[in-house]
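Structural description and commentary
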Amino acid sequence: MNFGGGLNRFIATSCRHHFSHHLRSDFSSLHFLYCYFTTATDLIRLPTAHLSELEDIVPNLPGAFEKGIIIEKFKTCSNLRQLESIYAFMVKNSYNQDCFMINQFASACSTFSQTDYAIQALTQMNDPNIFVYNAVIRACVSCFAPIQSLQIYLRMLRAQISPSSYTFPSIIKSCALISQLRIGEAINAQIWKFGFKSHVFVQTSLIDFYSSFSKIFESRQVFDEMIKRDAFVWTSMISVHAKSGNMVSAHKLFDEMPEPERTFATWNSLIDGYARIKDIKSAEFLFNNMPSKDLISWTTMINSYSQNKLYQESLSTFNQMTKQGITPDEITMATVISACAHLGTLDIGKKIHLYIAKNRFNLDVYIGSALIDMYAKCGNLDQSLLVFYKLPEKNLFCWNSIIEGLASHGYAKESLKMFTQMKKEYIKPNGITFISVLTACTHGGLVKEGRMYFQSMIQDFLIPRGIEHYGCMVDLLCKAGMLEDAMELIKGMELEPNGVIWGAVLNGCRIQKNLDLGRVAVEKLMVLEPDNSGYYSLFVKMLAEENRWSEVARIRSSMKEFRVEKKSPGSSWIEIEGKSHQFSASDKYHECSKEIYLLLDRLYGKQLLDACVFEYDEYISFL
DNA sequence: CTAGGGTTAG
């Protein structure tokens, strides 16, 4: 097939470079043509002289000579290839100089994250107007290409085209995305210069901009200088105050705001703000007293409970919501799954997973990491791994969840393997990752590796060591019996050691039967956590084991003297048929079902008999 | 073109 000299050469080079494996394919298929022009950029770069040659090879889109039909096609096109073929058609028919159509094209590009197409299409135009520039700038921002959007803005000014009110929200957002306060301030000056000082859309974006640098005062200044305010501006300002924890100002603005202007968003921001400062009662009050609720109100309230560790309430609010016939979305689900993880309610968690699958919810990174965590925390590591491998996209949260899941189940090597894999996929770990990694090393007794990772976090990833990381490291060394090394680490810390660290030391002393160092640790703990009786009890146990009864008595009496409350025992929950049951070591809560204790006695007896770990089927046959 | 809700550790 002959496309004509120039174009033939163009295609041939294209082929050699990118698509030699396609050469053997059927040349007669017109569809195949688009394989050569894999990008609209290729098309645009075609020398103008060759455009006429396109006449023969670009097919007509059925009935597409009406602009409206092409624009319709932008909206319905579902993949990049389709977008390219529409653009090819536009080039052929010189629609690529039509401002309105390129405007639509740029928007379509942003849905496929193809900002370079939009930029190239703009470049190709002889006389782009403000609408085209705005569309391309917006496309860049929505595809997280803030630098490009600023470049286009500059190009626009050079072309003597004045920005409009549509230009600035995107430009301001770009400045926030690249954390450039100074540039944003310069843009703010231009906003004044071009006369958008009281434009609500523009000013709303400025309020948001200053708050992203924690410049609440400047945010408020923008708000106060406005002549007219709409619901968006009010809500933005309330939200800024609420997010910064200043609920007094937030609520004051809420009261000042004309009542009919209040929207769902206004109420929801306030509820969320109260939940953040742990004032769950106020959040609840607003939620119960708002005139009506939308999905986000419900999700906010569900999340408010979760933020305040009231997971049971979180789930019951979710139930109430569904009973009222409100359909949850991905965001609601991610929150609810997280609540299930904290409660250990595998039943409900599974149901929600099923619901998500059935209703074709997008399995995104939020839901993904929540599910991974939920299954791992509920003891179903296999499911957890399955979800992890099935995720189409994985971010840091997903990796952290699976690394933590494996570590907490005692799969130290596997957990570290995951960590290696994560680094291979260029996902940058954070401080949380290293907590799990160090925990994995502790479980596996991997002292050398632990030390290596402890170095690596600061050397390779510039992650500052938190007190938690020292806690993990001290725990690792103490559990491995290396008390001297642990003490050396503590002495070299730039942070003041906390109770967790001395607790780890004390625990190490118990294993090593080191009473002297144990005494040092207990003395520190008496100051750091005077109310935590667990440490005293541990030390008393150590003393008793060494028959130091006089010291035992002394500590016991000083505990009484300082009125140290006995620590309530740690407990577990299990859910059976939708009902949650609480257990703790040597509890007697379950009098109603004597069999539990009978079985426990038998198990305990058997355990003593052969002093071995129960195998699963052995356990089953025993039942 | 502007506002409100999401995941991991402790």
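Residues numbered from 1 in each chain as written. Chains lettered and ligands numbered in written order. Predicted model: local features only at pLDDT ≥ 70, side-chain atom pairs only at ≥ 80, totals over all residues. Heavy atoms only, no water.

**Observations concerning the overall build of chain A**
Of regular secondary structure, chain A possesses 36 helices and 2 strands. Here chain A, with 623 residues, has 47% of them falling under the buried criterion. A separation threshold of at least 6 residues defines the contact pool for chain A, and within that pool the share at least 24 residues apart is 58%. If you sum the accessible surface of chain A, you get close to 33,600 Å²; carbon and sulfur atoms cover 54% of it. (Helix = DSSP H or I, 4+ residues; strand = E, 2+ residues; numbered from the N terminus. Buried < 20%, exposed > 50% of the residue type's maximum accessible area, 1.4 Å probe, protein only. Contact = heavy atoms within 4.5 Å. Areas by Shrake-Rupley, 256 points an atom, 1.4 Å probe, with all protein chains shown as cover.)

**Comments concerning the layout of surface pockets**
In this structure, the largest pocket spans a volume of roughly 1,200 Å³. Lining the largest pocket we find 39 residues, and of these N303, A334, T335, S338 and Y366 sit closest to its centre. Where the lining of the largest pocket is concerned, the elements lending two or more residues are helix 15 (231–243), helix 17 (264–276), helix 19 (295–307), helix 21 (330–343), helix 23 (365–377), helix 25 (396–408) and helix 27 (431–444). The class makeup of the residues in the lining of the largest pocket is 13 nonpolar, 18 polar and 8 charged. The wall of the second largest pocket is formed by 23 residues, among which P169, F201, T204, S205 and F232 lie closest to the centre. For the lining of the second largest pocket, the secondary structure elements donating two or more residues are helix 9 (130–142), helix 11 (167–177), helix 13 (200–211) and helix 15. Per-element tally for the lining of the second largest pocket: the top contributor is helix 13, with 5 residues. Looking at the lining of the second largest pocket residue by residue, the classes come out as 9 nonpolar, 10 polar and 4 charged. (1 Å grid on protein atoms, 1.4 Å probe; cavity = no way out; pocket = protein on both sides within 12 Å on 5 of 7 lines; lining within 4 Å. Points joined across faces, edges and corners; volume = space filled by probe spheres on them. Nonpolar A, V, L, I, M, F, W, Y, C, P; charged D, E, K, R; others polar.)

**Details of the protein's contact with DNA strand B**
Around DNA strand B sit 46 residues in total, of which N268, D294, S369, K377 and N400 are the nearest. Sugar plus phosphate, as a fraction of atoms of DNA strand B within 4 Å of the protein: 34%. Residue E330 places a main-chain N or O atom 3.3 Å away from a base nitrogen belonging to DNA strand B. Take S338: an N or O atom from its side chain is 3.0 Å from a phosphate oxygen of DNA strand B. (Near = heavy atom within 4 Å. Polar contact = N/O pair within 3.5 Å; in protein donor to acceptor, adjacent residues only side chain to side chain.)

**A look at the environment of Q421**
Residue placement: Q421 occurs in helix 26 (residues 412–424). For the pair formed by Q421 and W399, sequence separation is 22 residues and the distance between their alpha carbons is 9.4 Å.

**A word on the environment of F144**
The topology assignment puts F144 in the loop between helix 9 and helix 10 (146–158). Note: C-alpha distance between F144 and S113 (31 residues apart in sequence) is 8.8 Å.

**Topic: the packing of aromatic side chains**
Overall, the coordinates contain 18 aromatic pairs when judged by the stated rule. When the ring of Y87 is compared with that of F105, the centres are 4.6 Å apart and the planes differ by 25°; the resulting orientation is stacked. With a gap of 18 residues between them, Y87 in helix 6 (residues 80–92) and F105 in helix 7 (residues 99–111) connect regions that are remote in the sequence. Each member of the aromatic cluster is reached from another via a ring pair, and the members are Y153, F168, F194 and F196. Sitting over the face of the ring of F287, K293 holds its NZ or CZ atom 4.9 Å from the ring centroid. The ring of F454 has R465 sitting right over it, with the charged end atom 4.0 Å from the ring centre. (Phe/Tyr/Trp six-rings, centres within 6.5 Å; stacked < 30°, edge-to-face > 60°. Lys NZ or Arg CZ within 6 Å of the ring centre and 35° of its normal.)

**Some details on unusual backbone geometry**
Located in the positive-phi region is S179, a residue other than glycine, with phi close to 55°. With respect to the helices, strands and loops of the structure, S179 is situated in the loop between helix 11 and helix 12 (181–193). For S179, a relative accessible area of 51% gives the class exposed. Backbone geometry places K309, a non-glycine residue, at a positive phi of 65°.

**Some details on the nonpolar core**
If you look at the biggest cluster of nonpolar residues, it comprises 167 residues, and the most contacted ones within it are M90, V136, M374, V474, V505 and L506. Both domains that meet at this core, namely domain 1 (395–447) and domain 2 (474–561), each give it at least three residues. Sequence-distant contacts of V474, defined by excluding residues within four places in its chain, comprise A486, L489, I490, I501, A504 and V505. (Core = buried A, V, L, I, M, F, W, Y, C linked by side-chain atoms within 4.5 Å. Domains from an automatic or database assignment.)

**What about the confidence of the model for chain A?**
Interpreting fine coordinate detail is not advised for predicted regions of low pLDDT. Across chain A, pLDDT averages 85, with 81% of residues at or above 70. Predicted confidence for residues 1–41 stays below pLDDT 50, and this span has 60 contacts to residues more than four positions away or in other chains. Predicted confidence is poor over residues 46–51, with pLDDT under 50, and the contacts of this stretch with residues over four places away or in other chains come to 7 contacts. (pLDDT = per-residue confidence, 0-100.)

**Details of helix 12**
Along its 13 residues, helix 12 runs 18 Å from first to last C-alpha, staying within 8% of the 18 Å computed at 1.5 Å per residue. Of all the residues in helix 12, the buried ones are L181, G184, I187, N188 and I191. Looking down the long axis of helix 12, one finds its buried residues gathered within 115° of arc, a one-sided arrangement. Exposed side of helix 12, more than 90 degrees from the buried face: R182 and K193 are the residues found there. In this structure, the buried residues of helix 12 make contact with helix 10, helix 11 and helix 13. Immediately beyond the C-terminal end of helix 12, within one or two residues, lies G195, with a positive phi of roughly 80°. (Expected span 1.5 Å × (residues − 1). Arc of directions from axis to C-beta.)

**Things to note about the side chain of N532**
Mapped onto the fold, N532 is located in the loop between helix 32 (515–528) and helix 33 (533–545). Under the relative-accessibility criterion, N532 is labelled buried at 17%.

**Focus: the packing of helix 10 against helix 11**
Closest axis-to-axis distance for the helix 10/helix 11 pair is 9 Å, and the angle between their directions is 135°. One finds that helix 10 runs oblique with respect to helix 11. The two elements helix 10 and helix 11 meet at a crossing, and its hand is left-handed. For the pair formed by helix 10 and helix 11, the contact residues are P146, S149, L150, Y153 and M156 on the first element and T167, F168, I171, S174, C175 and L177 on the second. For the contact of helix 10 with helix 11, the per-class residue count stands at 8 nonpolar, 3 polar and no charged. (Axes fitted to C-alpha atoms, helices over the stretch in contact; angles between N-to-C directions. Parallel < 35°, antiparallel > 145°, perpendicular 65-115°, else oblique. Left-handed = near helix turned anticlockwise from the far one by under 90°.)

**Notes on the state of the cysteines**
On inspection of all chains with the given rule, the structure shows 0 disulfides. The thiol sulfur of C441 is not disulfide-bonded, and the nearest other cysteine sulfur, from C472, lies at 9.6 Å. Relative accessible area serves as the criterion here: at 0%, C441 is assigned to the buried category. Among the cysteines around C478, which has no disulfide bond, C509 carries the closest sulfur, lying 6.8 Å off. (Disulfide = S-S within 2.5 Å.)

**Let's talk about the packing of helix 29 (residues 467–479) against helix 31 (residues 499–512)**
Close contact between helix 29 and helix 31 brings their axes to 9 Å; oriented N to C, the two are set at 5°. Here helix 29 is positioned roughly parallel relative to helix 31, judged by the angle of their axes. Of the residues in helix 31, those touching helix 29 at I467, Y470, G471, V474, D475, C478 and K479 are I501, A504, V505, N507, G508 and I511. Of the residues assigned to the contact of helix 29 with helix 31, the class counts are 8 nonpolar, 3 polar and 2 charged.

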